[in-house]
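Coordinate inspection notes
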Amino acid sequence: THPTQFTLRLLTLASLGPMMVLPSFAQSSPYFYGGVGAGRAGVMIEEMDITNEQVPLGVRSDSIARDDRDTTYKIFGGYQFNRNVAIEAGYFNLGKFSWDSTTVPAGNLHGQVQFQGMNLDLVGTAPITERFSMLGRVGAAWTRTRGEYTATGAAGPVLNPTPSDRAVNLKLGAGLQYDFAPGFIMR
């Protein structure tokens, strides 16, 4: 079983909230910049399906407790070619989520999944005013999903205790940016 078969749906793929961008030079010439972002993510985990895939035949889930929210973060850096075009790379961690399933006959399955990855984007900026701009981005995101399962009682043994999956996907985005001061931008 691969984590992509978990049928996990990120409700907030990267609610990475405001991201601080710290350019190293004045905006009138090309410059390098870096920044950080943080926020909350939530998932809808189809625990019942996963439990049924991981436990022996004849064992079924009776109740499930879940932890489906976590803190996310991103670090990134880029090169601003001109006021309108930049290239940006980053690392992101979308959190770790877990659940415990009580089974009939008596047993327990504990599962957790973690999402992380890297991205490379072409970023376009369209100024609206001197300090306020729209952003658009297109790029690629490499993601890694890792799962861990342990079982006790009738729920054991776990059929695949450490599934993992990697994928490269198209990344599209849009947003807003405000230049508070030279060297301090919020997205």
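Preceding this section is the structure that the text describes.
These lines cover the structure that appears in this document, whether it is placed above or below. Bear in mind the structure is a predicted one, so any value in this text is a computation, not a measurement.

This paragraph deals with the packing of aromatic side chains. In the structure shown here, the tally under the stated rule is eight aromatic pairs. Ring geometry for F180 and F184: centres 5.5 Å apart, planes at 45°, overall tilted. Given a relative accessible area of 32%, F184 falls into the partly exposed group. Put simply, the rings of F32, Y79 and F81 pair up and form one aromatic cluster.

Let us now look at helix α1 (residues 47–54). Within the span of α1, buried status applies to E47, I50, T51 and Q54. One face of α1 carries all of its buried residues, which in axial projection span an arc of 100°. Along its buried surface, α1 packs onto β4 (60–67), β6 (85–104), β7 (107–127) and β8 (132–153).

What follows is about the pairing of strand β5 (residues 69–80). Pairing geometry for strand β3 (residues 31–44) and β5, over twelve bridges, is antiparallel. Across the sheet, residue A38 finds its bridge partner in β5, namely Y73. Relative to β6, β5 runs antiparallel, the two sharing eight bridges. For Q80, the partnering residue across the bridge sits in β6 and is A86. Between β5 and β6, which follow one another and run antiparallel, lie four residues.

This part covers the side chain of T125. Tracing the backbone through its elements, the reader meets T125 in strand β7. What T125 contacts, discounting residues up to four positions off in sequence, is Q80, R83, N84, S133, M134, L135 and Q177.

Turning to its location among the elements, D67 is positioned in strand β4. In contact with D67, not counting residues within four places along its chain, are F97 and S98.

Residues V104 and P105 are joined by a peptide bond in cis, for which omega reads -5°. Within the secondary structure layout, P105 lies in the loop between β6 and β7.

This part covers a nonpolar patch on the surface. The grouping of F81, V85, I87, L120, L122, V138, L170 and L172 at the surface amounts to a nonpolar patch, some 740 Å² of accessible area in total. Listing elements by their share of the nonpolar patch, those giving two or more residues are β6, β7 and β9 (164–181). Residue position: L120 is located in strand β7.

It is possible for side chains of opposite charge to pair when their charged atoms get near one another. This structure, assessed with the given rule, holds four salt bridges. Linking R137 and E88 is a salt bridge whose minimum nitrogen-to-oxygen distance equals 3.0 Å. One end of the pair, R137, is in strand β8; the other, E88, is in strand β6, with 49 residues separating them in the sequence. E88 carries the same exposure label as R137, and that label is buried. Between R137 and D121 there is a salt bridge, with the nearest N and O atoms lying 2.6 Å from each other. Residue R137 is found in strand β8, and its partner D121 is found in strand β7; the two are separated by 16 residues along the sequence. Per residue, the accessibility class of R137 equals that of D121, and both read buried. One salt-bridge network, in which partners are shared between bridges, spans E88, D121, R137, K171 and R187.

Reading the values: rules and limits
Along each chain, residue indices are assigned from 1 in the same order as the chain's sequence is written. Totals for whole chains, interfaces and linings use every residue, but because this is a predicted model, local features are given only for residues with pLDDT of at least 70 and side-chain atom pairs only at 80 or more, for both listing and counting. Only hydrogens and water are set aside when side-chain values are computed; all heavy atoms of the structure are taken into account. Stacked, edge-to-face and tilted are the three classes for Phe, Tyr and Trp ring pairs, Trp counted by its six-membered ring, which pair at centre distances within 6.5 Å; planes under 30 degrees apart are stacked, over 60 edge-to-face, the rest tilted. Residue burial is assigned from relative accessible area. The probe radius is 1.4 Å, only protein chains are included, and a residue is buried under 20% of its type maximum, exposed over 50%, and partly exposed in between. Strands are runs of DSSP state E lasting at least two residues, helices are runs of H or I lasting at least four, and both sets are numbered from the N terminus onward. Read the arc as the range of directions from the helix axis to the C-beta atoms. What makes two residues a contact is simply this: any of their non-hydrogen atoms within 4.5 Å. Any two strands with at least two DSSP-identified bridges between them are counted as paired. Any residue with relative accessible area above 30% and no salt bridge may belong to a patch, with like charges joined within 9 Å and the nonpolar Val, Leu, Ile, Met, Phe, Trp and Tyr side chains within 5 Å. For every accessible area listed, the method is Shrake-Rupley and the probe measures 1.4 Å; residues are considered covered only by the protein chains on display. Think of a salt bridge as a Lys or Arg side-chain nitrogen and an Asp or Glu carboxyl oxygen that are within 4 Å of each other.

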